[in-house]
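Structural description and commentary
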Amino acid sequence: MNVPVLTRPNVDLLYQRPHGLCMPVNEIHIWQVSLTDFVLLTGELWNVLNLAERQKASRFRRKQNQTCSILSRGMLRAILAWYLDIDPVSLEFSYGLYGRPYLPPEYGLDFSVSHSNDLILYSFARGCRVGIDVEHETNLPEWTHMISRMFSSREQDWVASLSGPEQRKTFFRLWTLKEAYGKMQGDGLTDSWKDIDI
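Per chain, residue numbering runs from 1 following the sequence as it is written. A pLDDT threshold of at least 70 governs which residues receive local features in this predicted model, and a stricter bar of 80 or more applies before side-chain atom pairs are shown or counted, although totals over entire chains, interfaces and linings include all residues. By convention in this description, side-chain values take in all heavy atoms of the structure and omit both hydrogens and water.

**Comments concerning the overall build of the protein**
The line we're drawing: A run of H or I in DSSP counts as a helix once it spans at least four residues, and a run of E counts as a strand once it spans at least two, with each numbered from the N terminus. Only protein chains enter the calculation, and the probe is 1.4 Å; a residue is then buried if its accessible area is under 20% of its type maximum, exposed if over 50%, and partly exposed in between. In what follows, residue pairs with any heavy atoms lying within 4.5 Å of each other are defined as contacts. Accessible areas in this description were obtained via Shrake-Rupley with a 1.4 Å probe; residue shielding takes into account the shown protein chains only.
Secondary structure summary: the protein contains seven helices and six strands in total. Of all 198 residues assigned to the protein, the portion counted as buried reaches 42%. Sequence-distant contacts in the protein: of pairs separated by 6 or more residues, those separated by 24 or more amount to 62%. Surface summary for the protein: the accessible area is close to 11,100 Å², and the carbon and sulfur share equals 52%.

This is the structure we're talking about:
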């Protein structure tokens, strides 16, 4: 598995394809982007968004959420354009029943996106579906309720057998795996997750 980490943007980032970038069939690539490191590209990335993406970003009241929306979708367009060797502006997305974006089949490339706090993760693959999730470990007051509603009996027993910080850590680990699986399937958050044993 390749894990490119984009640590510092350069001026020609959007139109300069990284050397040696290709996507073989049945290989999964994971990209990590830090909002802090890429905030200077917000204006440039805004220019590759379509009207609906710009409107969505503009609806956020908090500047940080606007920036995240612009960088997340703009970098998705940039990375997809690198793999497909096309202009990022020309990409047109379709959307599944639960809002999962995807490319038309002729592109032959699947992807998934997740962000939490300052971090955006992307996964890309040819020949298979992918899903990815990242969560910032926070104090969720409802996490014990989420366990009983979304986790299998075995998973509930596993979490219950742990104490304190290990319980919380295991909850987030299982939760991100379930979220990634749901994104891969295009199902979103559903009660059927209780039937999926990780």
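**Observations concerning helix 4 (residues 63–84)**
Condition: Helix span is expected to be 1.5 Å times the residue number reduced by one.
Spanning 22 residues, helix 4 covers 31 Å between terminal C-alpha atoms, matching the ideal 32 Å at 1.5 Å per step. Across the 22 residues that make up helix 4, a large majority, 19, are buried.

**Structural notes on helix 7 (residues 164–185)**
Compared with the 32 Å implied by 1.5 Å per residue over 22 residues, the 32 Å span of helix 7 between its first and last C-alpha is a close match. Those residues of helix 7 that fall on the buried side of the exposure criterion are Thr 170, Phe 171, Phe 172, Leu 174, Trp 175, Thr 176, Lys 178, Glu 179, Ala 180 and Gly 182. Following helix 7 by one or two positions, Gly 186 has its phi on the positive side, about 80°.

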